[in-house]
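Here is what each chain is made of, one letter per residue.
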Amino acid sequence: MKWYLKVVKDNYANFNGRASRKEYWMFFLFNIIIYIAVGVLSAVISPFLLLIYGLAIIIPSIAVGVRRLHDVGKPGWFFLLGIIPFVNVYILVLSFFPSIKGANKYGEEPE
């Protein structure tokens, strides 16, 4: 949960620097869990809860994706390639690559 909070609270719209593989995938995991919980609540309370959560989390989701691409040495603009069919698989595969050891042009190696 600390990884999710780190992305949402500390790096809400931070597109600079690097995000480790663990930070990216733990954010993704907790985002899915919370999205399911909010989906259940929105079915009971209000259908707008899911929309509000989705809009609130879109910026940190893009930011952590861009920082993850920086971690493997690719420019953040590659994230936009995710809208092209079949090219988005390349972006997904990049998210599985290990971090580049040491500093790169996007910053120091994350913890």
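Each value, and the rule that gives it
- Residues numbered from 1 in each chain as written.
- Predicted model: local features only at pLDDT ≥ 70, side-chain atom pairs only at ≥ 80, totals over all residues.
- Heavy atoms only, no water.
- Axes fitted to C-alpha atoms, helices over the stretch in contact; angles between N-to-C directions.
- Helix = DSSP H or I, 4+ residues; strand = E, 2+ residues; numbered from the N terminus.
- Parallel < 35°, antiparallel > 145°, perpendicular 65-115°, else oblique.
- Contact = heavy atoms within 4.5 Å.
- Nonpolar A, V, L, I, M, F, W, Y, C, P; charged D, E, K, R; others polar.
- Core = buried A, V, L, I, M, F, W, Y, C linked by side-chain atoms within 4.5 Å.
- Buried < 20%, exposed > 50% of the residue type's maximum accessible area, 1.4 Å probe, protein only.
- Arc of directions from axis to C-beta.
- Patch = residues over 30% accessible without salt bridge, like charges linked within 9 Å, V, L, I, M, F, W, Y side chains within 5 Å.
- Areas by Shrake-Rupley, 256 points an atom, 1.4 Å probe, with all protein chains shown as cover.
- Salt bridge = Lys/Arg side-chain N within 4 Å of Asp/Glu carboxyl O.

### Digging into the packing of helix 2 (residues 21-44) against helix 3 (residues 48-71)
Then comes step 1: Put simply, helix 2 and helix 3 touch, their axes get as near as 11 Å, and they point 170° apart. Considering their axes alone, helix 2 and helix 3 lie roughly antiparallel with respect to each other. Residues R21, E23, Y24, F27, N31, I34, Y35, V38, G39, L41 and S42 of helix 2 touch helix 3, and the partners they reach there are L49, L50, Y53, G54, I57, P60, S61, V64, G65, R67, R68 and D71.
Then comes step 2: The residue makeup of the contact of helix 2 with helix 3, split by class, is 12 nonpolar, 6 polar and 5 charged.

### Thoughts on the nonpolar core
Generally speaking, nonpolar side chains in soluble globular proteins are found buried as a group.
Then comes step 1: Of all hydrophobic cores here, the largest spans 10 residues; its members are Y4, V7, A19, Y24, F27, F30, V38, Y53, I57 and V64.
Then comes step 2: Looking at this core, the elements with two or more residues in it are helix 1 (2-10), helix 2 and helix 3.
Then comes step 3: Here this core gets 4 residues from one element, more than from any other, and that element is helix 2.
Then comes step 4: Excluding anything up to four places from it in sequence, V38 contacts L49, L50 and Y53.

### With respect to the environment of I91
Then comes step 1: Considering the arrangement of structural elements, one finds I91 in helix 4 (residues 87-96).
Then comes step 2: When its relative accessible area of 12% is taken as the criterion, I91 is described as buried.
Then comes step 3: Between the C-alpha atom of I91 and that of F79, which follows or precedes it by 12 residues, the distance is 7.0 Å.
Then comes step 4: Residue contacts for I91: discarding those within four places in its chain leaves F78, L81 and G82.

### Comments concerning helix 1
Within an α-helix, residues lying three or four positions from one another point in the same direction, as the helix has 3.6 residues per turn.
Then comes step 1: For helix 1, the complete set of buried residues consists of W3, Y4 and V7. An end-on view of helix 1 places all buried positions within 105° of arc, on one side of the element. Looking at helix 1, the residues exposed on the side facing more than 90 degrees away from the buried face are K2, K9 and D10.
Then comes step 2: Residues of helix 1 that are buried sit in contact with helix 2 and helix 3.

### A closer look at a nonpolar patch on the surface
Then comes step 1: On the surface, F28, I32, I36, V40, L41, V44, I45 and L49 cluster together to form a nonpolar patch covering roughly 760 Å² of accessible area.
Then comes step 2: Tracing the backbone shows L49 in helix 3.
Then comes step 3: Accessibility expressed as a relative area gives 32% for L49, which makes it partly exposed.

The quantities given are spatial measurements derived from coordinates; they are silent on function.
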